[in-house]
Amino acid sequence: MAGHSQFKNIMHRKGAQDAKRAKQFAKVIREITVATREGMPDPAMNPRLRAAISAAREVNMPKDTVERAIKKASGAGGGDDYTEVRYEGYGPAGVAVIVEGLTDNRNRTASDVRAAFSKHGGSLGETNSVSFMFTRLGVITYPADAASEDDLIEAGLEAGAENVETVDGMHEVTCPVESFFAVRDALETRFGEPASAKLDWRPSNTVELDEDRARSVFKLIDTLEDHDDVQAVYANFDVPDDVAEKLSA
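This structure is a prediction, so every number in the text was calculated from the model and none was measured.

Draft legend 1. Layout of the packing of helix H8 (residues 211-226) against helix H9 (residues 241-248). Where H8 contacts H9, the axes come no closer than 10 Å and their chain directions differ by 55°. With respect to H9, the element H8 is oriented oblique. For the pair H8 and H9, the crossing hand works out as right-handed. Listed contacts from H9 to Glu211, Ala214, Arg215 and Phe218 of H8 are Val243, Lys246 and Leu247.

Draft legend 2. View of the sheet that holds strand E1 (residues 83-90). Strand order in the open sheet formed by 4 strands is E3-E1-E2-E9, and the pairing between neighbours is antiparallel. Where the open sheet ends on each side, the last strands, each with one partner, are strand E3 (123-124) and strand E9 (230-235). Where E1 meets E3, 2 bridges bridge the pair, whose relative direction is antiparallel. Directly across from glycine 89, in E3, lies its bridge partner leucine 124.

Draft legend 3. Region of interest: the pairing of strand E2 (residues 96-103). Across the 8 residues of E2, 8 count as buried, placing the element largely inside the fold. Once E1 ends, the chain turns through 5 residues before running back antiparallel as E2, passing alanine 93 with a positive phi of about 65°.

Draft legend 4. Local environment of a negative patch on the surface. Residues Glu149, Asp150, Asp151, Glu154 and Glu158 make up a contiguous surface patch of negative charge. Looking at the element boundaries, glutamate 158 is found in helix H6 (residues 149-159). With a relative accessible area of 65%, glutamate 158 lands in the exposed category.

Draft legend 5. Summary view of the sheet that holds strand E7 (residues 196-203). Across the sheet, 4 strands lie side by side as E5-E6-E4-E7; this open sheet has antiparallel pairing. The two strands at the open ends of the sheet, each matched to only one other strand, are strand E5 (163-167) and E7. Pairs of neighbouring strands in the sheet enclose a mean axial angle of 30°, with direction left out of account. Across 8 bridges, the pairing between strand E4 (residues 134-143) and E7 is antiparallel. Directly across from arginine 136, in E7, lies its bridge partner tryptophan 201. Along the sheet face, H6 touches E4, E5 and strand E6 (170-176) and points at about 155° away from the line of E5.

Draft legend 6. Inspection of H8 at higher detail. Compared with an ideal rise of 1.5 Å per residue, which puts 16 residues at 22 Å, H8 spans 22 Å between its outermost C-alpha atoms and is within 8% of the ideal. Restricting attention to buried positions, one finds in H8 the residues Ala214, Val217, Phe218, Leu220, Ile221, Leu224 and Glu225. Considered in projection along H8, the buried side chains sweep an arc of 160° and stay on one side of the axis.

Draft legend 7. A look at the environment of alanine 51. By secondary structure assignment, the location of alanine 51 is in helix H3 (residues 47-58). Sequence separation of alanine 51 and lysine 198 is 147 residues, and the distance between their C-alpha atoms is 7.0 Å.

Draft legend 8. Broad picture of the packing of aromatic side chains. What the rule picks out here adds up to 3 aromatic pairs. Pairing tyrosine 142 with phenylalanine 191 gives two aromatic rings, centres 6.2 Å apart and planes at 75°, and the pair type is edge-to-face. In this pair, tyrosine 142 is assigned in strand E4 and phenylalanine 191 in helix H7 (residues 180-191), connecting sequence segments 49 residues apart. For the pair tyrosine 142 and phenylalanine 191, a shared accessibility class is recorded, and that class is buried.

Draft legend 9. Highlighting the environment of glutamine 231. Mapped onto the fold, glutamine 231 is located in strand E9. When residues no more than four places from it in sequence are discounted, the contact partners of glutamine 231 are Lys27, Arg30, Glu31, Glu100, Gly101 and Leu102. A polar contact is formed between the side chain of glutamine 231 and the backbone oxygen of lysine 27, at a distance of 2.9 Å.

Definitions and cut-offs
Residues numbered from 1 in each chain as written. Predicted model: local features only at pLDDT ≥ 70, side-chain atom pairs only at ≥ 80, totals over all residues. Heavy atoms only, no water. Axes fitted to C-alpha atoms, helices over the stretch in contact; angles between N-to-C directions. Helix = DSSP H or I, 4+ residues; strand = E, 2+ residues; numbered from the N terminus. Parallel < 35°, antiparallel > 145°, perpendicular 65-115°, else oblique. Left-handed = near helix turned anticlockwise from the far one by under 90°. Contact = heavy atoms within 4.5 Å. Pairing = 2+ DSSP bridges. Buried < 20%, exposed > 50% of the residue type's maximum accessible area, 1.4 Å probe, protein only. Patch = residues over 30% accessible without salt bridge, like charges linked within 9 Å, V, L, I, M, F, W, Y side chains within 5 Å. Areas by Shrake-Rupley, 256 points an atom, 1.4 Å probe, with all protein chains shown as cover. Salt bridge = Lys/Arg side-chain N within 4 Å of Asp/Glu carboxyl O. Lys, Arg positive; Asp, Glu negative; His and termini not counted. Charge placed at Lys NZ, Arg CZ, Asp CG, Glu CD. Expected span 1.5 Å × (residues − 1). Arc of directions from axis to C-beta. Phe/Tyr/Trp six-rings, centres within 6.5 Å; stacked < 30°, edge-to-face > 60°. Polar contact = N/O pair within 3.5 Å; in protein donor to acceptor, adjacent residues only side chain to side chain.

Laid out in structure tokens, this is it:
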């Protein structure tokens, strides 16, 4: 799959960033807030909230923190109002970048994202200026020992999935965005809670980076990910394993 090694590179690099727990919690709480307000405070009746709670478990957020966030978001007029935003542009070496965020001040966030691109040798473009080079899809993962690949394929296809791949000890199920919640719920009913379940942007083609260019791209992505208003960053680069190891050392 195009971009798969890039995906592994990012996960490998992120290992060093997992200590930023408070920032991770803040981003998940924003998603819980938006999910609760656009739907219902009951996860059973709100697929987006279920996904947000799953994301909270991935970062080991305590259950009482999740419950407080839902309670605050469902209170009349309490808390901040967040708007979903997406920015697209090019980073160093012509790498295409998509930035997704939740903000209570569009002007501030747009200005900060534009400044980050400019500072690190990139340029912010218009909406849809790079997203055509990516595919938006749902991604659900399970440890390889949670189920056989054949069973996941059977259950996934019945629910609307498009593909199942097993890489590095993990099953990865991909599906169209409109089928995401149905596929996730069907798999969870049969195989238990997944290791992760989220919407993703996967690149159709990737730009291979040497060490210097990879370092520049990583600086841009790190700056963007550190911003409080940014929820996720996607890019169409690929880094050889030996270069990734040098940069993560």
